[in-house]
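Examining the three-dimensional arrangement
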Amino acid sequence: MVMQRYLLTYIGVVLTLNLHHLIRAIDVPRDPSIQESLHQPPTITKQSVKNYIVDPRDNIFIECEAKGNPVPTFSWTRNGKFFNVAKDPRVSMRHWSGTLAVDFRSGGRPEDYEGEYQCFARNDFGTAISNKIFLQVSKSPLWPKENLDIQEVHEGAQLILACNPPPGLPPPAIFWMSSSMEPIHQDKRVSQGHNGDLYFSNVLQEDSQTDYSCNARFAFTHTIQQKNPYTLKVLTTRGITERHPSFMYPIGTISSQMVLRGEDLLLECIASGVPTPGIMWHKKGGDLPAGRTKLENFDKALHIANVSEEDSGEYFCLASNKVGTSRHTISVRVKAAPFWLDEPENLILAPGEDGRLVCQANGNPKPSIQWLVNGEPIESSAPNPSREVTGDTIMFRDIQSGSSAVYQCNASNEHGYLLANAFVSVLDVIPRILAPRNQLIKVILNNRTLLNCPFFGSPIPTLRWFKNGQGSTLHGGNYKAHENGTLEIIRARKEDQGTYTCVATNLLGKAQNQVRLEIKDPTRIVDGPKDAVPKKGSTVYLVCRTRHDPTLRLTVSWLKDDVPLYLGTRIRKEDDGLTIYGVSEKDQGYYTCVASTELDKDTARAHLTILDPFLNRMTLPKARPDRPRDLELTDLSERSVRLTWIPGDDNNSPITDYIVEFEEDRYEPGRWQNHSRYPGSVNSAVLRLAPYVNYQFRVIAVNEVGSSYPSLPSERYHTNGARPEYNPTGVKGAGTAKNNMVISWTPLSATQVYGPNLRYIVKWRRRDTRESWSNRTVKGDISQYTVTQTPIYTPYEIKVQAVNDYGMAPEADTVIGYSGEDLPSGPRYFRIRQPNLETITLEWEHPEHPNGNLIGYTLRYQAFNGSKTGRTVVENFSPNQTRFLLQRTDPISRYRFNLRSRSQIGEGEPAIGESPLPLNEALPTSAYTKPPRDIATQGWFIGLMCAIALLVLILLIVCFIKRSRGGKYPVRENKDVPLDPDDQKVDNGSFDYSDEDNKPLQGSQTSLDGTIKQQESDDSLVDYGEGGEGQFNEDGSFIGQYTVKKDKEETEGNESSEATSPVNAIYSLA
């Protein structure tokens, strides 16, 4: 096994030219780095069908998508003239797409937009065009009112009840019912023709017991129109005269029919007569086409699928009863709309190279070929000396830069047309190696291995391989060099180990890469387990000795009856085998030893048969039963069949069960599936069948030893189709991006399809709105659909309904899905509180816009002290948690916080904040944070700063006035003397001065802990001789003079005069 992780696929064109010498067109790999750097003309990637019928109740979408580099722009024509999308308010064009959307929610008639549309995709290197899309609105006209006379007819006569349905678009499906909505029984005598009429080969009296009404079902509008019923009166006679067969449809003995190649041909012969004639079909001069022919409508219709030219000729039907035979001949002519023999493909060339575009088509009559360049006839385009047009081929010789363009080939005849776009791109690129560098590849000895070296360049580089730096190119013998850069080693030998170098070279330069190849020894079981017949209760040892490459890790495992073996105290795996202690009946079976490495594996198998020693007589050895044989299908019907088989030998162990399996060859050919299980006493069963399945059955016998080999398969039995009865399960909707929703489901199984051309109708609309359902129909092999341009994380109602060519399944259940998520907004009202020095509390509320399923919150925080910061701590919370308590380990440092909401997409916008600055660590503090804003622009901050500045100015003025009065403050001599207003003190920050020189404004400094200490003053109240300790009365009033002397310890304590400093007053206000 080769360890390769760079498998690359390629797009582009591989053309081989033999002009003057061999020239190859360039392959452009899907590597994104190359795709994004190369210029490319437009390519149409999606478009609506040519004949586009729309439902008049829905908005119209005409699809046109293209790719290219630069990204193409789009325009449209309608009925051959430029269609100005901007002038019609109902018409819009999807972003980055050319798809037209016509919205009728505000009114308008869909019929006004019928016509022929064509899309043009342009960029700097050319123009690609779509098919001409003929848009028609579905029509379901009412049945014209008419009075139908009673149909009188003699018993035994022929009768045709005409339907004549109203013309619809597309034509309606016709079926006959009675006025009481009971379906008309059809058989060989009474049947509906392909034109919708009801034919009676001969009328019986019982036909008058009901009336007959023709019904038309219009698929697009899901409506059924009913014609007035026919009343039938049968005139009886004494006896019914036998009649020779005659044809009611087609009339006469000769008719002709034309059919297009690839379509289905339906020939019809309906005859009358008594007794009812039978129909047989033949082709003149040959047999009916094998494998494509089916008889329908009680052999009255011959259906030939996928008609080709060799199906032309004369077909005749024979209508026979005991009276005689009639013959009608139908001449079939097969014509053909154009079909491709050689469709033009994109051509990428280097400057100076040669190339060609070929457009070959066939049809009947032979189609004409027309070339266009960038959407215009090539005859009217600018001359190009390197280009030569010859019929269905355009030759390019010595092509030059600037010649890039998109060429269109139109092949048409009276039955239709084909249109193909093929661009010609001229590139010059130095070589590039696209594989990872210096790879290591391991391979088992004697195995085939591939060393890949994908490369790209223009002109196409030549690539050579070398081993261990040797000069000779590796090619031939055990080596084979492929054009895509791969070196194949046909049989890896020990001497092939080494370092290989690939070198890609063109005119512009070269590139190279190396690959290291290691050859490993194979893993082998040299001594494997052997079959054994131990006695019950004994110990069994199964040996498994291995040999492997010592550089690879070996794993040995055991299987019992192909299921991993459970190991325990009774069953133990040894180094070289397996030991089973006390064996019993349940240990009987097949044991497989599996020895494996990362590159290969080997297996060995043995069977254990357990004997019971307590039996009085010898017990014959038991074995799995022989396979059943001679399967036969009988009692064939639409929904069931009887399967009968002959049992095989039970090999001394009674058969307990039969398992019936089936295989169908339409959807999963070769895969056998369980159908049903039956007791071992039966050898016949009625099997329930599903419509539109080509069944094949086989039977497996089971006894206590095991299962037999499957029987040989039965003959095939094909059931007719019907409308689906089931809808897809597992329907869900989920976004893969913020603006989409992927609707997925589990497709119907092969036995649930019930008919050809399975599709799924995908419907969606936003929940709790009155908007109409949007819908798309996808093919039956698709299991998901992507709705684009959806709002973020919005609930949608979703339905997925199955439909095939026979009709629609019952209405699907509605499920709820959600469009894609986006990043959430930040948490709201993020608050940071600090109730004490030990803890910080964080609180928040859920984000205003979750934009999806909120899965939690992520908090990042770190401590900081000045310019020093601690490590970042990350905490994750559940989506219901909106509070977090942080235990502080450092009472001095502060903390920065960053809180984000998390959804499935990722983290959203942050809410950030810091723990509060402690003004007084004895008091609780808190902070309220919002997403960060510039504090200098906040009104409260500007007002606070103005207030502080005004207060500082007032304090300076007061100090200046006090100093000018002599430097002393008034002192009252007696406590009974009331204070002047100027002398009153307030507890919360009032202060007195003893001298101007003692002002803290001029002699203070900030300590490390944020407080402000006074410097010692040369001039204090004590120096004025008015000292003595300050005294207070019992009521706390001050009775001393302002001569209190503070010693150094008091100055540094909690009673420091710093509280009277103006600076501290300002700090406390801050």
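Predicted model only: the values in this text are computed from it and were never measured.

**Describing the packing of aromatic side chains**
With the rule as written, the count across this model stands at 21 aromatic pairs. Between Tyr-479 and Tyr-500, the aromatic rings sit 6.4 Å apart at their centres with planes inclined by 55 degrees, giving tilted as the arrangement. Highlighted residues: Tyr-479 in strand S47 (residues 479-481) and Tyr-500 in strand S49 (residues 498-506), separated in sequence by 21 residues. Assessed through its relative accessible area of 13%, Tyr-479 is described here as buried. Judged by relative accessible area, Tyr-500 falls into the buried class, the value being 0%. Through a chain of ring-to-ring contacts, the aromatic side chains of Trp-844, Tyr-857, Tyr-861, Phe-877, Phe-884, Tyr-895 and Phe-897 assemble into a single cluster. The aromatic ring of Phe-316 is capped on one face by Arg-327, whose charged end is 3.7 Å from the ring centroid. The side chain of Arg-624 reaches across the aromatic face of Tyr-709, ending 5.2 Å from its centre.

**Quick word on helix H2 (residues 939-964)**
The terminal C-alpha atoms of H2, which comprises 26 residues, lie 38 Å apart, in line with the 38 Å expected from a rise of 1.5 Å per residue. Listing the buried residues of H2 in full gives Ile-948, Leu-955, Cys-959 and Lys-962.

**Points about the sheet that holds strand S20 (residues 198-200)**
Strand order in the open sheet made by the three strands is S17-S20-S19, with antiparallel pairing throughout. Each edge of the open sheet carries a strand with a single partner, namely strand S17 (159-161) and strand S19 (190-192). Going across the sheet, the axis of each strand differs from the next one's by a mean of 20 degrees, ignoring polarity. Where S17 meets S20, three bridges bridge the pair, whose relative direction is antiparallel. Looking at S20, one finds that Ile-160 is bridged to Tyr-199.

**Describing the sheet that holds S47**
Strands sit in the order S44-S48-S47 across an open sheet of three strands; the sheet is antiparallel. What marks the edges here is a single partner per strand, and that holds for strand S44 (449-451) and S47. On average, each strand axis in the sheet is inclined to that of its neighbour by 20 degrees, with strand direction left out of account. The pairing of S47 with strand S48 (residues 487-489) spans three bridges and is classified as antiparallel. Considered in S48, the bridge of Ala-481 is made with Leu-487.

**A word on a nonpolar patch on the surface**
Judged by side-chain polarity, Leu-950, Leu-953, Ile-954, Ile-957, Val-958, Phe-960 and Ile-961 come together as a nonpolar surface patch covering roughly 660 Å² of accessible area. Mapped onto the secondary structure, Leu-953 falls in helix H2.

**A short note on the state of the cysteines**
Overall, the coordinates contain six disulfides when judged by the stated rule. Here Cys-453 engages in a disulfide with Cys-502; their sulfurs sit 2.0 Å apart. Judged by the sign of its S-S torsion, about 65 degrees, the bond between Cys-453 and Cys-502 is right-handed. Separated by 49 residues along the polypeptide, Cys-453 in the loop between S44 and strand S45 (455-458) and Cys-502 in strand S49 bring together distant segments of the chain. Each member of the pair, Cys-453 together with Cys-502, is buried. Looking at the protein, its bonded cysteines, counted consecutively from the start of the sequence, adopt the pairing 1-2, 3-4, 5-6, 7-8, 9-10, 11-12.

**Focus on unusual backbone geometry**
Excluding glycine, most residues fall at negative phi; most peptide bonds, likewise, are trans. A cis amide bond links Tyr-249 with the next residue in sequence, Pro-250, at an omega value of -10 degrees. Take Pro-250: it is sitting in the loop between strand S24 (243-249) and strand S25 (254-260). Here the bond from Ser-458 into Pro-459 is cis, since omega is 5 degrees, no more than 30 degrees from zero. Among the structural elements, Pro-459 can be located in the loop between S45 and strand S46 (462-467). The phi dihedral of Met-181 is positive, around 65 degrees, even though this residue is not glycine. Checked against the element boundaries, Met-181 lands in the loop between strand S18 (173-177) and S19. Classification of Met-181 by relative accessible area gives partly exposed; the value is 46%. A positive phi is found at Asp-635, a non-glycine position, where the angle reads about 50 degrees. Take Asp-635: it is sitting in the loop between strand S60 (629-634) and strand S61 (640-646).

**Focus: the confidence of the model for the protein**
Mean pLDDT over the protein works out to 83, with 84% of the residues at or above the 70 mark. Here residues 920-932 is modelled with pLDDT under 50, and outside its nearest four sequence neighbours on either side it reaches 30 contacts, counting other chains as well. Within the model, pLDDT remains below 50 along residues 967-1070, and this stretch shows 111 contacts once partners closer than five positions in the same chain are excluded.

**What about the pattern of salt bridges?**
Think of it this way: side chains of opposite charge can pair up when their charged atoms draw near. Considering all chains together, one arrives at 48 salt bridges under this definition. Between Arg-883 and Glu-843 there is a salt bridge, with the nearest N and O atoms lying 3.2 Å from each other. Pair noted here: Arg-883 is in strand S80 (residues 883-887) and Glu-843 is in strand S76 (residues 839-845), with a separation of 40 residues, a long-range link. A relative accessible area of 43% means that Arg-883 is categorised as partly exposed.

**Digging into the nonpolar core**
Within the largest apolar cluster, 32 residues are counted, with the highest numbers of intra-cluster contacts made by Ile-60, Ile-62, Trp-76, Leu-100, Tyr-113, Tyr-117 and Leu-135. Sequence-distant contacts of Ile-60, that is, excluding residues within four places in its chain, are made with Val-54, Leu-100, Ala-101, Val-102, Phe-104, Pro-110, Tyr-113 and Leu-135. Counting residues in each nonpolar core, the second largest holds 21 residues, with Leu-631, Leu-643, Ile-655 and Tyr-678 among its members.

**Side note on the environment of Asn-438**
Note that Asn-438 resides in the loop between strand S42 (429-433) and strand S43 (439-444). Along the chain, Asn-438 and Arg-516 lie 78 residues apart, while their C-alpha atoms are 6.9 Å from each other. If near-sequence neighbours (up to four positions away) are discounted, Asn-438 is found in contact with Asn-513 and Gln-514.

How each quantity is defined
Residues numbered from 1 in each chain as written. Predicted model: local features only at pLDDT ≥ 70, side-chain atom pairs only at ≥ 80, totals over all residues. Heavy atoms only, no water. Phe/Tyr/Trp six-rings, centres within 6.5 Å; stacked < 30°, edge-to-face > 60°. Helix = DSSP H or I, 4+ residues; strand = E, 2+ residues; numbered from the N terminus. Buried < 20%, exposed > 50% of the residue type's maximum accessible area, 1.4 Å probe, protein only. Lys NZ or Arg CZ within 6 Å of the ring centre and 35° of its normal. Expected span 1.5 Å × (residues − 1). Pairing = 2+ DSSP bridges. Axes fitted to C-alpha atoms, helices over the stretch in contact; angles between N-to-C directions. Patch = residues over 30% accessible without salt bridge, like charges linked within 9 Å, V, L, I, M, F, W, Y side chains within 5 Å. Areas by Shrake-Rupley, 256 points an atom, 1.4 Å probe, with all protein chains shown as cover. Salt bridge = Lys/Arg side-chain N within 4 Å of Asp/Glu carboxyl O. Disulfide = S-S within 2.5 Å. pLDDT = per-residue confidence, 0-100. Contact = heavy atoms within 4.5 Å. Core = buried A, V, L, I, M, F, W, Y, C linked by side-chain atoms within 4.5 Å.

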